[in-house]
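# Working through the structure, step by step
Here are the chains, one letter per residue:
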Amino acid sequence: MGVETKLGNMGIVTTTLEEAVNWARTRAMWPLLFGLACCAIEMMATAASHYDLARFGMELMRPSPRQADLMIVAGRVTRKMAPVLRRLYDQMAEPKWVIAMGDCASCGGVFNNYAVLQGVDEVVPVDVYVAGCPPRPEQLIHGILTLHAKVRASHPLRQQG
Amino acid sequence: MFKELGALVKGLSVTFKSMFEPKVTFQYPEQKRPVKPRYRGRHVLRRYENGLERCIGCSLCAAACPADAIFVEAAENTDEERYSPGERYAAVYEINYLRCIFCGYCEDACPTQAIVLTDQYELSFTDRWDAIYTKERLLEPVPPGARPTPQKTEPGKFVNPIPEMPDFPEWKP
Amino acid sequence: MSQQVTLTIDGKQVTVPAGWTVVDAARVANVHIPVFCYHPKLEPVGMCRMCLVEVGLPERDRATGEIVRNEDGSPKIRFFPKLQTACTTYVQEGMVIRTTTEQVARARKDILEFLLTSHPLDCPICDKGGECPLQNLTMAYGPGTSRFPYEYKLHLEKRVPLGDLIILDRERCIICGRCVRFQAEIAEDPVLSLDGRGRATYIITTSDPPFDSYWSGNTTDICPVGALTTTDFRFDARPWEMHQAASLCNLCPVGCNIMFDIRREPELGGRFAVQRVMPRQNEYVNEIWICDKGRFAAYHFAQYGERLTQPLVRENGKLRPASWREALERVAQAFREAGSGLVTLASGRLSNEDLFNLARLTDHLGGRKVLDTFLAGGEWTDKVGLGRESDLAALGEGDAILVMASDLEEEAPIFWLRVKEAAQRGATLVVANPRPTKIERHAKHVLRYVYGEEGKVWEALLAGASEAAQALARAENLVIFYGQEGLDLATSDAVARAAARLLLTTGHAGKPNSGLVAVWPRNNDQGAWDMGFRPVADLADTLRQVKALYVVAADPAGDDPHLAAALEGADFLVVQDLFLTETAQRADVVLPAQAYIERGGTYTNALRRVQRFFPAVPPPEGPQPDFAIVAALARLLDLNLEGRSTAKGFEALAAQVPAYQGLTYKDLARVEEQFPLVSREVLDYTGTAYPNGQGLGVVLPNAVERGETVAPPEAPEFPVRAFQGLLAVPITRLYDRGTLVAWSDTLAPRLPEEAWVWVAPETARDLGLQDDATARLEIGDLAYTVRVRVNPAVPGGVVLVPRSVGVVLFTPVAVHLKAVVPAS
């Protein structure tokens, strides 16, 4: 999607370029807030000064999908909300990632019923699942770091090529 | 105009003042904020000092679990292959951490205090299957000097159907 | 109606029949009297003392016998000085019972504390924990704490195997004796006993092999604690974790109502799986009992058998996986070409809906519907079978039952139980069999005959000369059970005709509680007859001439090598089954079907009660239900059949088959309050049979009740069967090595390991055979090595060969039996 697609098959140059691209991506991953329930409170706490998400280059929670790279689904997703979630995900620009924060977003949690989506991975591809009900801010940050590790280990050029 | 400048200085003074206040940000992950003593994090299945598992596979934790996160399948102990002191042990013990709400009811329900919640909270997964912790991952390490399970034990040593309940009141004649 | 008695229990007046116990009367009054040893199906003994209550009777003047009255005119009640056991006290007019006094509460508390002194309180690991009467009653009436320390409790053996199926925990046992009494009174296999005395009283088994009974599983149900557990369910799951699915046992024509307890099973990759089989109360069929075969083998074949997962088609002489579309199109093509050359061979294992669709499809093409059985007479059970509203429990004094050519306990254990109970209530039981069977213990008349001379028995019965014949003719209600022992197809047809003639000429046909019952070899053979399937005299001949053969839920090649050879004659062979059977291996197309635990439907049992079963576990990917496969096939052949749901299928069936006219699933779902109240809704009977909330089923009207004129058939000519030399007769044993039971690991130790035969001592002597000797059994061109068991109950000149235990034999034939001289 970026410069790397143009430089698809340039061997060692692209290897280091991949690293650079991945590094850049992990350092400015702007989240799309998707607070739906209790988890959203912890997500706000994560962004606030005690935990300060800005330390990871996540300056702002963006309600605008076009300016966001990472969707943090925080809370239970009802079947009525699912199409909205999918639409916002579709509107996000590539590359994009999804964190399912908390039990409900990950697999329905205690809401094992017909009204609640049994995990947002039914509608969007989830990269990282964060356990907890709700997860404390450290847990969300741990999830974000897990995502960083995943992004750093990825090969954007090879996937494209 | 001076009045407006005064307001600016007044405002910025608050900013400057806060620059010299102590920082409140915890530098997680380098610096970890200690959790409260009763914090409920991920579970551990405990063992006795002799290495035998405390869990007797009674499924009461699964019954107490409001999120249906625990699955237990029991089996029968023999003296050749002994996992727990009683008759029954958990052959399969699984907790799905994406279901678990860390309420601690399982801990309350456990008659042998086999399952306890620890202060570990770093639980995030890239795959849903990884979130299902099996018995091997949940069991605490074998205490030093003890044998791992299954143990071969001498017949007649473990005859009680269930190990002694720790909170059973002492009886005095 | 028997005499009614009015008594007062805790201030509530109730009127119950005389002869009831106070415990049962209290249930009607909605007063709970806790019990352990008492069970309404068993004789009361008053062993556990849990039911102690205050009993008072109206005081009578000794001189006049008049009831003494208080000043206000009410009768003066005199209470017994001490508490009485309510389970051994029978109701009397004017009796007053008090259960809420302090004395009673104190007694209950003390009894429970006493019982718990030798009970380990290992509820967390006990299989009964959660559905345990002792747990319930302790919570309801017991002391909160024990004064008895754990160390001072009795410690006994925790794992005493009572036979291969039942394990006893001596520590948990509270010596209520329910199991001992069940075995003695109901199963009539008194193989359990109480040994020792005082605090050292134990349950022991006295038989060899231990706990040798077909009913052993029921003792685990009625055990009020977790002392008796089955090897099938021991430590498998906790009761509260399981959900239930109502079903029917499909292993014999009784159609016992059962409940599958279901939970996820790690062994099967976390799929939902049946964990255990429990009886479901249906006082018209199985009461609250089921036999061990049903309990320990009813689901294993579907769950643990090597099931077919996808359709197979033959290509270059080999079967290869194919899509449903390809397989069905190939079958449709072959069927279209075959036209009226199609033969559909189905067995009574299928549900009514499957059989109806199969019959419609076969008729559409002009083919022939063949039933895989050797017992005939289905049209007569339809004409003069048990009438509407029939209930075996209503048979008693003045009624008569004839059991002909059937070893009831081996063929259909619950029928044995129901017939035995009717005889105990006073019904005249006549048993006609060439050899003694267990049911004969209760027979008033035993008609012994020689194999092959069934005609003589019926001649005498129809002539009405003998005492037995007169007893049958005189009876208010007459039920005739006939099986297939020693019969072939033609003879069994003659037996059915003769029986029908007897019923019609003595005026018993078309009445409730009277009629003809065939003890079919399979669970839904009656339904198959009703749908138009008929057995053929020479199956091999028929198979040899077909253009296309559609074998559904049958395995002729596996049953008989001659049929396997005959199958070569069929131009095109389609097999629809659960497993890759011998027949399926020879097929051109194999279609995988769903097992009955994965789908719903109805079965018609031998009493012609239509009952519904429900899907219990989600079906595996690939197999389809039989009726849907047939419907999909029919669509390709321009016939519209119901393939969406069994309810719709049943509607279509009810519109076309006369006996089922107007029936819907709603009728089958009718329930009523069933006495005695022993299902698990009651505190004292948790952990036993499930209550029946899913339907008791409906008995089909017979032809007489449907208003058809049924003329008595002519006294049939019995085929002449003069046997030369040694005669081999197939007999049905409950435990065989049939395809369905063989998959049960639990039942495996009880199943016969090798082929064996029974011979009489004198026959063995003549043949030079010892007991337990190895012999060579020659049947036509086939020979088998069998173990000889000498049994004085066997008639002379006869070899009794168990069915499905290694020897292929379906009807009596002359054979040779020779001793095998050891090679050394």
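Here the structure is a predicted model, which means the values were calculated and not measured.

Before going further, it helps to spend a moment on the overall build of chain C. Within chain C, the secondary structure is distributed over 24 helices and 36 strands. What you see for chain C is a C-alpha radius of gyration of 29 Å, in line with the 28 Å of a compact globule of 824 residues. The principal-axis extent of the C-alpha atoms belonging to chain C is close to 95 × 70 × 65 Å. Every one of the 824 residues in chain C was classed for burial, and the buried ones make up 54%.

Let's shift gears to the overall build of chain B. Helices and strands together make up the secondary structure of chain B, namely four helices and six strands. When the helices and strands of chain B are placed in sequence order, the string is α-β-α-β-β-α-β-β-β-α. For a compact globule of 173 residues, the expected C-alpha radius of gyration is about 16 Å, and chain B comes in at 25 Å, more than 25% above that figure. Oriented by its inertia axes, the alpha-carbon framework of chain B measures out at about 95 × 50 × 35 Å. Considering chain B as a whole, with its 173 residues, one finds that 31% of them fall into the buried category.

Turning our attention to the sheet that holds strand β33 (residues 782-790) of chain C. Residues and elements named next belong to chain C. With mixed pairing, seven strands are arranged side by side in an open sheet as β35-β30-β34-β31-β33-β32-β36. Every interior strand has two partners, whereas the edge strands, β35 (813-814) and β36 (816-819), have only one. Note: strand β31 (residues 756-759) against strand β34 (residues 798-802), two bridges, orientation antiparallel. Of the residues in β34, the one forming a bridge with W758 is L800.

Let us now look at the pairing of strand β2 (residues 70-74) of chain A. Residue and element names in this part refer to chain A. Within β2, five of the five residues are buried, which leaves it mostly tucked inside the rest of the structure. With burial as the criterion, each face of β2 is covered, one bearing L70, I72 and A74 and the other bearing M71 and V73. The pairing of strand β1 (residues 31-35) with β2 spans five bridges and is parallel. By the bridge assignment for β2, P31 is matched with L70. The β-α-β motif built from β2, the intervening helix α4 (residues 82-91) and the parallel element strand β3 (residues 97-101) has right-handed crossover chirality.

As a further point, take the interface of chain B and chain C. Listed as interface residues are 20 residues of chain B and, on the opposing side, 14 residues of chain C. Listed by contribution, the elements that provide at least two residues to the side of chain B that touches chain C are α2 (60-64), β2 (70-76) and β3 (88-96) of chain B. The element contributing the most residues to the side of chain B that touches chain C is β2 of chain B, with five residues. A breakdown of the residues in the side of chain B that touches chain C according to their chemical character gives 14 nonpolar, two polar and four charged.

Bringing the confidence of the model for chain C into the picture now. Residue and element names in this part refer to chain C. Per-residue confidence for chain C averages 92 on the pLDDT scale, and 100% of its residues sit at or above 70. Element-level mean pLDDT values for chain C span from 88 in helix α17 (residues 539-544) up to 97 in strand β26 (residues 589-592). Here the predicted complex scores 0.91 on pTM and 0.86 on ipTM.

Another aspect to go through is the interface of chain B and chain A. Residue-level contacts link 22 residues of chain B with 26 residues of chain A. Taken together, the residues of the side of chain B that touches chain A sort by class into 15 nonpolar, three polar and four charged. Across two bridges, strand β4 (residues 128-130) of chain A lies against strand β5 (residues 124-125) of chain B in antiparallel orientation. Within β5 of chain B, the residue paired with Y129 of chain A across the bridge is F125 of chain B.

Mapping A131 of chain A onto the fold places it in the loop between β4 and α6 (137-152). A residue is classified by how many C-beta atoms lie within 10 Å of it, and A131 of chain A, with 30 of them, is buried. Residues A131 of chain A and S106 of chain A, 25 residues apart in the sequence, show an inter-C-alpha distance of 7.7 Å. Setting aside anything within four residues of it in sequence, one finds A131 of chain A in contact with D103 of chain A together with Y97, L98, C100, L123, S124 and A131 of chain B.

Residue and element names in this part refer to chain C. Read across the open sheet, the five strands follow the order β21-β20-β19-β22-β23; overall the sheet is parallel. Single-partner strands in this sheet number two, and they are β21 (445-447) and β23 (515-518). With strand direction ignored, the average angle separating the axes of adjacent strands in the sheet is 15°. Bridge analysis of strand β20 (residues 428-432) against β21 gives three bridges, and the strand direction is parallel. In the strand pairing of β21, V430 is matched with H445. Contacts from helix α12 (residues 413-424) reach β19 (400-404), β20 and β22 (478-482) within the one sheet, and its direction differs from that of β19 by about 145°.

Turning next to the environment of F572 of chain C. Residues and elements named next belong to chain C. By secondary structure assignment, the location of F572 is in strand β25 (residues 572-577). Remark: the alpha-carbon pair of F572 and K547, spanning 25 residues in sequence, is separated by 6.3 Å. Residue contacts for F572: discarding those within four places in its chain leaves A334, A338, K547, A548 and D588.

Let's shift gears to the arrangement of the chains. Of all two pairs of chains sharing an interface, the pair with the highest contact count is chains A and B. One finds no contact linking chain A with chain C; the least C-alpha distance across the pair is 16 Å.

With that settled, the discussion passes to helix α3 (residues 39-47) of chain A. Residue and element names in this part refer to chain A. Here α3 has its buried residues at C39, E42, M43, T46 and A47. All buried residues of α3 project into a common sector of 145° when viewed along the axis, lining one side. Summarising the contacts, the buried residues of α3 are in contact with β1, β2, β3, α5 (102-107) and α6.

Residues and elements named next belong to chain C. Within the secondary structure layout, C256 lies in the loop between β12 (243-248) and β13 (257-265). Note: C-alpha distance between C256 and I288 (32 residues apart in sequence) is 9.2 Å. In this structure, C256 is in contact with L248, C249, P279, V285, N286, I290, G294 and I414, ignoring residues within four places of it in sequence.

Residues and elements named next belong to chain C. Of all the residues in helix α13 (residues 454-463), the buried ones are E454, G455, V457, W458 and L461. End-on view of α13: buried residues confined to an arc of 155°, all on one side of the axis. Contact partners of the buried residues in α13: β20, β21, α14 (467-474) and α15 (489-505). G464 occupies a position one or two residues after α13 and carries a positive phi of about 75°.

Turning to the confidence of the model for chain B, a few remarks are in order. When pLDDT is averaged along chain B, the result is 88, and 94% of the positions lie at 70 or above. Contacts of residues 168-173 of chain B to residues separated by more than four positions or lying in other chains number one contact, the stretch itself having pLDDT below 50.

Attention shifts here to the packing of α3 of chain A against α6 of chain A. Residue and element names in this part refer to chain A. Two numbers describe how α3 lies on α6: the axes approach to 8 Å, and their chain directions differ by 75°. In terms of orientation, α3 and α6 fall into the roughly perpendicular class. Between α3 and α6, the contacting residues are E42, M43, A45 and T46 on the first element and P137, L140 and I141 on the second. Here the residues of the contact of α3 with α6 sort into five nonpolar, one polar and one charged.

Here the focus is the nonpolar core. One broad rule of soluble globular proteins: the nonpolar side chains tend to lie buried together. V73, I99 and M101 of chain A together with A346 and I480 of chain C are the most contacted members of the largest nonpolar core, which has 317 residues in total. By residue number, the principal contributor to this core is α15 of chain C, which donates nine residues. Ignoring sequence-local partners within four residues, the contact set of M101 of chain A consists of C39, M43, I72, V73, A74, V130, P135, L140 and G143 of chain A. By size, the runner-up hydrophobic cluster in this structure holds 25 residues, among which are Y451, A760, V786 and L809 of chain C.

What counts, and where the lines are drawn
- Residues numbered from 1 in each chain as written.
- Chains lettered and ligands numbered in written order.
- Predicted model: local features only at pLDDT ≥ 70, side-chain atom pairs only at ≥ 80, totals over all residues.
- Helix = DSSP H or I, 4+ residues; strand = E, 2+ residues; numbered from the N terminus.
- Rg over C-alpha atoms; globule rule 2.2 N^0.38 Å.
- Buried ≥ 20, exposed ≤ 12 C-beta atoms within 10 Å, placed from the backbone.
- Pairing = 2+ DSSP bridges.
- Right-handed = clockwise from strand over helix to strand, strands pointing away.
- Contact = placed C-beta atoms within 7 Å.
- Nonpolar A, V, L, I, M, F, W, Y, C, P; charged D, E, K, R; others polar.
- pLDDT = per-residue confidence, 0-100.
- Axes fitted to C-alpha atoms, helices over the stretch in contact; angles between N-to-C directions.
- Arc of directions from axis to C-beta.
- Parallel < 35°, antiparallel > 145°, perpendicular 65-115°, else oblique.
- Core = buried A, V, L, I, M, F, W, Y, C linked by C-beta atoms within 7 Å.

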